[in-house]
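As a plain string of letters, each chain reads:
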Amino acid sequence: MPSTRSVSGLSTHLGYWLRYVSNHVSHAFARKVEEHGVTVAEWVLLRHLFEEEALAPSRLAERMGMTRGAVSKLADRLIAKSLVVRAADPGDGRAQTLSLTAAGRAVVPELAALADANDAAFFGHLAPEDRRALLRILREIVETRRLTSIPVD
């Protein structure tokens, strides 16, 4: 016998709409950066290194909300692409650091411009106050839920 209980529709959920928009925004950006030979996760790592001279993989893992193993695999791929170098930590010869190569440092602004263009394509039609409100609300959700891992896929 069918239930008489009401079942909410997919489109009545905020999570549905967040996921719907997020998937489109993320996939469009992924296609753009992949045309430049990197993945979104690699872009995130590159962007973190852009701010620093060198970082230990463990610090990157902490900042990115990833495991050290995952960061190590990303670093290996970026080293193979000549965008990152691994070196001994001058303060501790047993530890290693990661830093951008000249090519890595040069590609980050290009990829950042793609991120800016992707944001403009999806959110540029919003009034500035609506964009600020959306950003405020999303940040509030992140803070309230104590979300720490950076979305990279």
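Before any of the text, the structure's been laid out above.
Bear in mind that the values here come from a model prediction, so they are computed numbers and not experimental data. (Residues numbered from 1 in each chain as written. Predicted model: local features only at pLDDT ≥ 70, side-chain atom pairs only at ≥ 80, totals over all residues. Heavy atoms only, no water.)

Draft legend 1. Representation of the overall build of the chain in the model. Along its length, the chain carries six helices and two strands. Starting at the N terminus and ending at the C terminus, the chain contains elements arranged as α-α-α-α-β-β-α-α. Computed over the C-alpha atoms, the radius of gyration of the chain is 19 Å, more than 25% above the 15 Å expected from 2.2 N^0.38 for a compact globule of 153 residues. Once the C-alpha set of the chain is aligned to its principal axes, its extents read approximately 70 × 35 × 30 Å. In the chain, which comprises 153 residues, the proportion classed as buried is 25%. Contacts in the chain between residues at least 24 apart in sequence constitute 53% of all its contacts with a sequence separation of at least 6. Roughly 10600 Å² of accessible area belongs to the chain as shown, and the carbon and sulfur atoms make up 56% of that amount. Once the 20 positive and 18 negative side-chain charges of the chain are each reduced to a mean point, those two points are 6 Å apart. (Helix = DSSP H or I, 4+ residues; strand = E, 2+ residues; numbered from the N terminus. Rg over C-alpha atoms; globule rule 2.2 N^0.38 Å. Buried < 20%, exposed > 50% of the residue type's maximum accessible area, 1.4 Å probe, protein only. Contact = heavy atoms within 4.5 Å. Areas by Shrake-Rupley, 256 points an atom, 1.4 Å probe, with all protein chains shown as cover. Lys, Arg positive; Asp, Glu negative; His and termini not counted. Charge placed at Lys NZ, Arg CZ, Asp CG, Glu CD.)

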